[in-house]
Amino acid sequence: MDPRHVKLYIDDRPADGVFRVHRDVYTDPVLFELEMKSIFERCWNYLALESEIRNTHDFVTRHIGRTPVIVSRDAKGQIGGFVNACRHKGATVCRMEQGNARYHVCPYHGWAYDSAGKNVDIKDRKSGCYAAAFDAEGHDLIPVARIASYKGMIFGSLSANVPELEEHLGEIKFFLDLHMEQAPQGMEVIPGRAWYAYRGNWKMQVENGNDPYHETSTHGCFVAIQERRVKGQGNVEGRQVDWKKRAAADSGTFDLGNGHSSVWINCLEPEKRSLYPLLDAVRARVGSLKAEWMLKQRNAVCFPNLQIADHVVPQLRTIRPIAVDLTELRSYVLAPIGEPPESRAARLRQFEDFINPCGFATPDDITMFNESQQNLRTSGGEWLQAHERGIAALPAGSRGLAGELGIRPVAAVRGEFEMQPETATHAFFREWSRRMQAGLSDI
Ligand code: FES
Ligand SMILES: [Fe+2]
């Protein structure tokens, strides 16, 4: 298909029971270039938690699409973002993933920048015979055009021409609240992260987070292990869900607009949730409705680069596209600030069991991504048959439920878990198509 006809890549006709995505969306390097410019460089991207840079001069390094950035707290306590590429010759100024530094010194020729991105030294400037034209230029790191926070989560945009952050987040704020309001003193990232890559398109992970359909097959071994644990065998402490009960649990999906979405399932074993010991206090603070939703297993996608999952323990997963067939993921475990050590240890054991790159789930998913990417390059079967499961349940939806939650989804589906709807991905591909068409019209 011709990339100039980008709107033809998504066949969005839910009234006819049709929602199809063309296979080139995952494999075409021309589309990938357009995605970087039209989506990642023109949109709010999640960067870090404020609690990761608590003190002045604390910093983390991240990416917005392919652009490396430093997110730091300057001498005045102000949070800022700067492109992590030296103004001299483009070398990476800060190679550390996080730390505390009053100054960042470029390793190539030694230009130095402070924690506000301001150039404070050009090595041997006096002897350099620079002309006045050089002195007249700015030498500071290029700032990330917009930086803003919501509930302690920092987002950045390389383009100044974006709506206010809260407007972009829209209805997904409810699901961010469910993550970030679990503790009275706030949530923090447990030090460390899982960091890995796969040989597949970045959208595969976005979709996978909203795909309950794959769980019983891709993770069949894990399901079998859980069944043995229910019988008292193996690591009983690691038991998380009883799959037999799960099949009939109430569940659903939300298209939250602006590309955001969520899938959810009633938790039938709340005592297995990391939040459970704190439940009474949480209920008193945030109310029964939010507390009940915090217990449900949820997986939300915040367009374009963040997954907010809470099906085992609350985690944030960032998605970084590197090439059309190469993607980097980082997973962070969230925990209440001030949590007792034994609860924190239990939280980590649950995370490792399922999610870690060496856990029971992640290697399964990555294998599927790697193989799909290879196979999508072959010809034939231009349209994937992947986004129509649950589509007939859309008209009934779960709008009533949404009203109770105070959110206004574009569309919703509700039913037993075994429906395993794929409709949550519609939100992402609608926004993908809208932004790609807008980007193309500007070229
Ligand atoms: S590239 Fe940074 S000082 Fe030369
Ligand atoms: Fe999975």
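So, how was this worked out
- Residues numbered from 1 in each chain as written.
- Chains lettered and ligands numbered in written order.
- Predicted model: local features only at pLDDT ≥ 70, side-chain atom pairs only at ≥ 80, totals over all residues.
- Heavy atoms only, no water.
- Helix = DSSP H or I, 4+ residues; strand = E, 2+ residues; numbered from the N terminus.
- Buried < 20%, exposed > 50% of the residue type's maximum accessible area, 1.4 Å probe, protein only.
- Contact = heavy atoms within 4.5 Å.
- Phe/Tyr/Trp six-rings, centres within 6.5 Å; stacked < 30°, edge-to-face > 60°.
- Domains from an automatic or database assignment.
- Buried area = accessible area lost by both parts, 1.4 Å probe.
- Pairing = 2+ DSSP bridges.
- Salt bridge = Lys/Arg side-chain N within 4 Å of Asp/Glu carboxyl O.
- Polar contact = N/O pair within 3.5 Å; in protein donor to acceptor, adjacent residues only side chain to side chain.
- 1 Å grid on protein atoms, 1.4 Å probe; cavity = no way out; pocket = protein on both sides within 12 Å on 5 of 7 lines; lining within 4 Å.
- Points joined across faces, edges and corners; volume = space filled by probe spheres on them.
- Nonpolar A, V, L, I, M, F, W, Y, C, P; charged D, E, K, R; others polar.
- Donors = N, O, S within 2.8 Å, 3.2 Å for Na, K, Ca; no water.
- Tetrahedral: all angles 85-135°; square planar, octahedral: opposite > 155°, others 65-115°.
- Axes fitted to C-alpha atoms, helices over the stretch in contact; angles between N-to-C directions.
- Parallel < 35°, antiparallel > 145°, perpendicular 65-115°, else oblique.

**Notes on the environment of Ile-319**
Considering the arrangement of structural elements, one finds Ile-319 in strand β19 (residues 315–323). With relative accessibility at 4%, the residue Ile-319 sits in the buried group. In sequence terms Ile-319 and Ile-53 are 266 residues apart; their C-alpha atoms lie 21 Å from each other. When near neighbours in sequence (up to four residues on either side) are disregarded, Ile-319 contacts Trp-202, Gln-205, Val-206, Asn-305, Gln-307, Thr-327, Glu-328 and Leu-329.

**Examining the packing of aromatic side chains**
Each aromatic ring pair is specified by the distance between its two centres and by the angle formed by the two planes. The tally for this structure, following the rule as stated, stands at 15 aromatic pairs. Considering the side-chain rings of Phe-40 and Trp-202, the 4.8 Å spacing of their centres and the 75° angle between planes classify their relative orientation as edge-to-face. One end of the pair, Phe-40, is in the loop between α2 (29–38) and β3 (45–49); the other, Trp-202, is in helix α6 (residues 202–208), and 162 residues separate them in sequence. The exposure class of Trp-202 is buried, given its relative accessible area of 0%. With centroids separated by 5.3 Å and ring planes inclined at 85°, the aromatic side chains of Phe-174 and Phe-175 adopt a geometry described as edge-to-face.

**Some details on the domain arrangement of the protein**
Split by domain assignment, the protein resolves into domain 1 (45–148) and domain 2 (170–442). Measuring from the centre of the C-alpha atoms in domain 1 to the corresponding centre in domain 2 gives 34 Å. Each partner contributes to the interface: domain 1 provides twelve residues, whereas domain 2 provides 18 residues. Taking both partners together, domain 1 and domain 2 bury about 1,200 Å²; carbon and sulfur atoms supply 53% of that area.

**Remarks on the sheet that holds strand β1 (residues 10–13)**
Across the sheet, which stays open at both edges, the three strands sit in the order β1-β2-β21 with antiparallel pairing between neighbours. With partners counted over all chains shown, the strands left at the sheet margins are β1 and β21 (383–384), one partner each. Pairing geometry for strand β2 (residues 18–22) and β21, over two bridges, is antiparallel. Residue pairing for β21: Val-21 is matched across the bridge by Leu-384.

**A short note on the pattern of salt bridges**
Taken as a whole and judged by the stated rule, the model has 36 salt bridges. Across the pair Asp-177 and Lys-151 runs a salt bridge whose closest N-O atoms are separated by 2.9 Å. Residue Asp-177 is found in helix α5 (residues 173–180), and its partner Lys-151 is found in the loop between β11 (146–150) and β12 (153–157); the two are separated by 26 residues along the sequence. Through salt bridges with shared partners, a single ionic network connects Arg-54, Glu-188, Glu-339, Arg-344 and Arg-347.

**Overview of the side chain of Thr-423**
Note that Thr-423 resides in the loop between β22 (411–416) and α15 (425–442). In this structure the side chain of Thr-423 is engaged in a polar contact, spanning 3.1 Å, whose partner is the side chain of Thr-253.

**With respect to empty space enclosed by the protein**
Tallying each qualifying case throughout the model produces four cavities of 30 Å³ or more. As a volume, the largest cavity reaches approximately 570 Å³. Along the walls of the largest cavity sit 45 residues, with Glu-215, Arg-246, Gln-297, His-311 and Phe-354 positioned nearest its centre. Of all the elements in the fold, those that place two or more residues in the lining of the largest cavity are α6, α9 (243–246), β15 (250–257), β16 (260–265), β17 (297–302), β18 (306–310), α12 (341–354) and α13 (362–375). Residues of the lining of the largest cavity, tallied by class, amount to 17 nonpolar, 17 polar and eleven charged. By volume, the second largest cavity is sized at about 120 Å³. In terms of lining, the second largest cavity is formed by 14 residues, of which the most central are Arg-62, His-63, Asn-305, Thr-318 and Arg-320. Secondary-structure elements contributing two or more residues to the lining of the second largest cavity are β3, β4 (58–64), β19 and β20 (326–336). The element that contributes the greatest number of residues to the lining of the second largest cavity is β19, accounting for four residues. Residues of the lining of the second largest cavity, tallied by class, amount to five nonpolar, five polar and four charged. For the lining of the second largest cavity, the two domains that each supply at least three residues are domain 1 (45–148) and domain 2 (170–442).

**Comments concerning the coordination of the iron ion (ligand 2)**
Looking at the iron ion (ligand 2), one finds its protein donor set to be His-214 (NE2), His-219 (NE2), Asp-365 (OD) and Asp-365 (OD), positioned 2.1 to 2.3 Å from the metal centre. For the iron ion (ligand 2), the four donor atoms are set out with angles of 56 to 142° between them, so the coordination reads as irregular. Sequence spacing of the donors to the iron ion (ligand 2): H-x4-H-x145-D. Of this pair, His-219 sits in the loop between α7 (215–218) and α8 (220–230) while Asp-365 sits in helix α13; the two residues are 146 residues apart in sequence, bridging distant segments of the chain. For the pair shown, His-219 and Asp-365 are each scored as buried.

**As for the environment of Ala-197**
Position of Ala-197 relative to the elements: it lies in strand β14 (residues 194–198). Judged by relative accessible area, which is 44%, Ala-197 ranks as partly exposed. Separated by 20 residues in the primary sequence, Ala-197 and Asp-177 place their C-alpha atoms 29 Å from one another. Ignoring anything within four residues of it in the chain, the contact list for Ala-197 reads Leu-326, Thr-327, Glu-328 and Ile-366.

**Quick look at the packing of helix α10 (residues 279–286) against helix α11 (residues 288–295)**
It is at 7 Å that the axes of α10 and α11 come closest, and there the two elements cross at 135°. The orientation of α10 with respect to α11, classified from their angle, is oblique. Where α10 abuts α11, its residues Leu-279, Val-282, Arg-283 and Val-286 lie against Ser-288, Lys-290, Ala-291, Met-294 and Leu-295. Residues that form the contact of α10 with α11 fall into these classes: six nonpolar, one polar and two charged.

**What about the sheet that holds strand β7 (residues 98–100)?**
Here we have four strands laid out as an open sheet, ordered β6-β5-β4-β7, and antiparallel in their pairing. Looking at which strands have only one partner, the edges of the open sheet turn out to be β6 (79–83) and β7. Between one strand axis and the next, the sheet turns by 25° as a mean value, whatever way the strands run. Sheet analysis places strand β5 (residues 67–73) next to β6, joined by five bridges and oriented antiparallel. Bridge assignment links Val-71 to a residue of β6, and that residue is Gly-81.

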